[in-house]
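Given next are the chains, with one letter for each unit.
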Amino acid sequence: MPTLNIAPDVARALADNKPVVALESTIISHGLPRPRNREAALEFEQILRDKGVVPATIAIIDGVPTVGLDADGLATIADRDIAKASVRDLPILHATKQSGATTVAATAHIAAQAGIRVFATGGLGGVHRGASETFDESADLSTLAVTNITVVSAGVKSVLDIAATLERLETLSVPVIGFGTTAFPAFWLTDSGFTLDWTVKDAAEVAAVMASQDVTGHGQGIVVANPIPPEQQWDPIAHDHVLSEAFLAAEQAGVRGKAVTPFLLGYIVEASAGRSLEVNLDLARNNIRVAGDIATAWCKRRA
Ligand code: PSU
Ligand code: MN
C-alpha cells in the first residue's frame, strides 16, 4: 500500500520548481452543500490553473493520502458520503483502505509530506466557544505548530472563540500575518475586531517570511490572514442574527465534537438563504488567488 500518491502534474511541478497550491477536501465534503460543492471544487482548481499554478486538492482515497485528485477522486469527496479526516484518522483510514476528506490539519500534514509549501482554505479551525468546558479545539492549530506550510485563510470562522484561537496560535508559536492589513478577519466578516502585530504588503513579502522561517523557525507553519473585502462581506447584523440561531439549534440538537463545524456551517447556509454560502465561496476564491501568488513568489525566490 503506498503511503502517498502524488498526481503526475503535481510531482512534475514540484520537481521543476513550478508553483503548486494545496487545497483541502473537507470544505468540499462537509463545508459546502451539494451540488455547489462539486462546482466549487472544479472552480477552485481552475482559478489556480488560470494563474499558471498547479492545484493539488488533497484527500484520502481508498486509504491512500492523495495529492492532486482526478475526476473520480473529486467525485469521491463531492458526491459520496465520506468521513471527515483529521491527522489522527489517517492511520486508520490507511490500514482499512477507506476514503476520507481531509481537514485543514490533515491537508497541511499531507501537503508538507509531499513538499508543497502553500495551502489555501476558507477559514481555519480553532478554539470553539465554550472550550473551557468542552476542550473543543481544532487539531488545525496543533498541526500548524509542527507543520512547515503557509496557509492562506480568511481568519477563523466567527462561530469560534477568536480571542482564544489567537492566544493558542501565539502559544504554539505560529506566526499570524495580515495580508495588507492588521485587522484579523472573521471569515464571513472583514474585521473580527482583533488587531494583529504584523502585516505584509504582498506575496513576495510572504515568500521572504517563509524563507526566513526556514532558518529561524523550528518547522512550524505560517498563517496568512486574508480578509474578504468589505463590499463582499456578509451584512454584520444579519450575520450576528443567524449565528445566534445556529448556536441555539446546535445546542438543541446536542451536536458535539467533529460534527459541530459541519452542523453550524450547514445550518447557517440554510438560515441565511444562501447568503453565507456566496460569501464563503468568495472568500475561498480570494484566498486561492493570494495563495497562487505566494506560491509563484516562492518559486521565483528559489529560482
Ligand atoms: N473552512 C471552511 N469550510 C470548512 C472548514 C473550514 O470554509 O468546512 C473545515 C476545515 O476542513 C477545518 C475544519 O479544518 O472545518 C475544522 O473542523 P474542526 O473544528 O472539527 O476541527
Ligand atoms: Mn473539534
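Positions within a chain are numbered from 1, following the residues in the order the chain's sequence is written. Working convention: letters from A go to chains and numbers from 1 go to ligands, in the order in which they are written. Totals for whole chains, interfaces and linings use all residues, but because this is a predicted model, local features are given only for residues with pLDDT of at least 70 and pairs of side-chain atoms are given and counted only at 80 or more. Hydrogens and water molecules were not included; the side-chain quantities draw on all heavy atoms of the structure.

K.L.:
Which residues make up the site of ligand 1, and what values go with them?
P.N.:
Taken together, 17 residues lie near ligand 1, and Glu24, Lys84, Val104, Ser138 and Asp140 sit nearest. N or O atoms within 3.5 Å of each other form a polar contact, as long as, within protein, one can give a hydrogen and the other can take it, and as long as residues adjacent in sequence are counted only when both atoms are side-chain atoms. Within the side chain of Lys84, one N or O atom sits 2.7 Å away from an oxygen atom of ligand 1. In this structure, Ser138 approaches ligand 1 through a side-chain N or O atom, which is 2.7 Å from an oxygen atom. With residues, only the protein chains shown are counted as cover, and all accessible areas are computed by Shrake-Rupley using a 1.4 Å probe. Surface burial for ligand 1 is 95%, taken as the share of its 470 Å² of free accessible area covered by protein chains. With respect to the pocket detection grid, ligand 1 is positioned in the largest pocket. By the criteria applied, helices consist of DSSP H or I runs no shorter than four residues and strands consist of E runs no shorter than two, each listed in order from the N terminus. When contributions to the shell around ligand 1 are tallied by element, the ones reaching two or more residues are α2 (26-31) and α12 (260-271). Here the shell around ligand 1 takes three residues from α2, the largest share from any one element. Under the scheme applied, nonpolar residues are Ala, Val, Leu, Ile, Met, Phe, Trp, Tyr, Cys and Pro; charged residues are Asp, Glu, Lys and Arg; polar residues are all the others, including Gly. When its residues are assigned to classes, the shell around ligand 1 shows four nonpolar, nine polar and four charged. A single heavy atom is enough: if one lies within 4 Å of a molecule or strand, its residue is considered near that molecule or strand. Put simply, the grid is 1 Å and covers the protein atoms alone, a cavity is a trapped set of points that fit a 1.4 Å probe, a pocket is an open set with protein on both sides within 12 Å along at least five of seven lines, and lining residues have an atom within 4 Å of a point. Being in a pocket or cavity means that more than half of the molecule's atoms lie within 2 Å of its grid points.

K.L.:
Mind laying out the nonpolar core, listing which residues take part and the relevant values?
P.N.:
Nine residue types can take part in a nonpolar core, namely buried Ala, Val, Leu, Ile, Met, Phe, Trp, Tyr and Cys, and a core is a set of them joined through side-chain atoms within 4.5 Å. Relative accessibility thresholds used throughout: buried, under 20% of the residue-type maximum; exposed, over 50%; partly exposed, between the two (1.4 Å probe, protein chains only). Counting 60 residues, the largest nonpolar core has Val10, Val67, Ile116, Leu144, Phe184, Trp188 and Ile268 as the members making the most contacts within it. A total of six residues in this core trace back to one element, the largest contributor, which is helix α6 (residues 104-114). Counting contributing residues per domain, this core is built from domain 1 (1-116) and domain 2 (124-303), each supplying no fewer than three. Beyond its immediate stretch of four places on either side in the chain, Phe184 contacts Gly155, Val156, Ile162, Leu166, Val176, Thr190, Asp191, Ser192, Gly193, Phe194, Leu196 and Ala225. In this entry, domain limits derive from an automatic or database-based domain assignment. Here, two residues are considered to be in contact whenever any of their heavy atoms come within 4.5 Å of each other.

K.L.:
Tell me about the environment of Tyr267, residues and numbers included.
P.N.:
Turning to its location among the elements, Tyr267 is positioned in helix α12. Taking relative accessible area as the criterion, Tyr267 reaches 27% and is therefore assigned partly exposed. In contact with Tyr267, not counting residues within four places along its chain, are Glu245, Ala246 and Ala249.

K.L.:
An account of empty space enclosed by the protein is needed here, citing residue identities and associated values.
P.N.:
Grid points are joined across faces, edges and corners, and a volume is the space filled by probe spheres set on the points. One pass over the structure, following the stated rule, counts one cavity of 30 Å³ or more. In this structure, the largest cavity is lined by Leu23, Glu24, Ile27, Phe44, Ala120, Thr121, Gly122, Ala284 and Ile288. Classifying every residue of the lining of the largest cavity by side-chain character gives six nonpolar, two polar and one charged.

K.L.:
Kindly report on the pairing of strand β13 (residues 222-225), identifying the contributing residues and their values.
P.N.:
Along a regular strand, successive side chains alternate from one face of the sheet to the other. By the alternation rule, side chains of β13 split into Ile222 and Val224 and Val223 and Ala225, which are all buried. When strand β8 (residues 150-153) meets β13, the two strands line up parallel, connected through four bridges. Note that in β13 the partner of Ser153 across the bridge is Ala225. Two strands qualify as a pair provided that DSSP identifies no fewer than 2 bridges between them. The pairing of strand β9 (residues 176-179) with β13 spans three bridges and is parallel. Each bridged residue has a counterpart across the sheet, and for Gly178 the counterpart in β13 is Ala225.

Just geometry here; none of it tells us what the structure is for.
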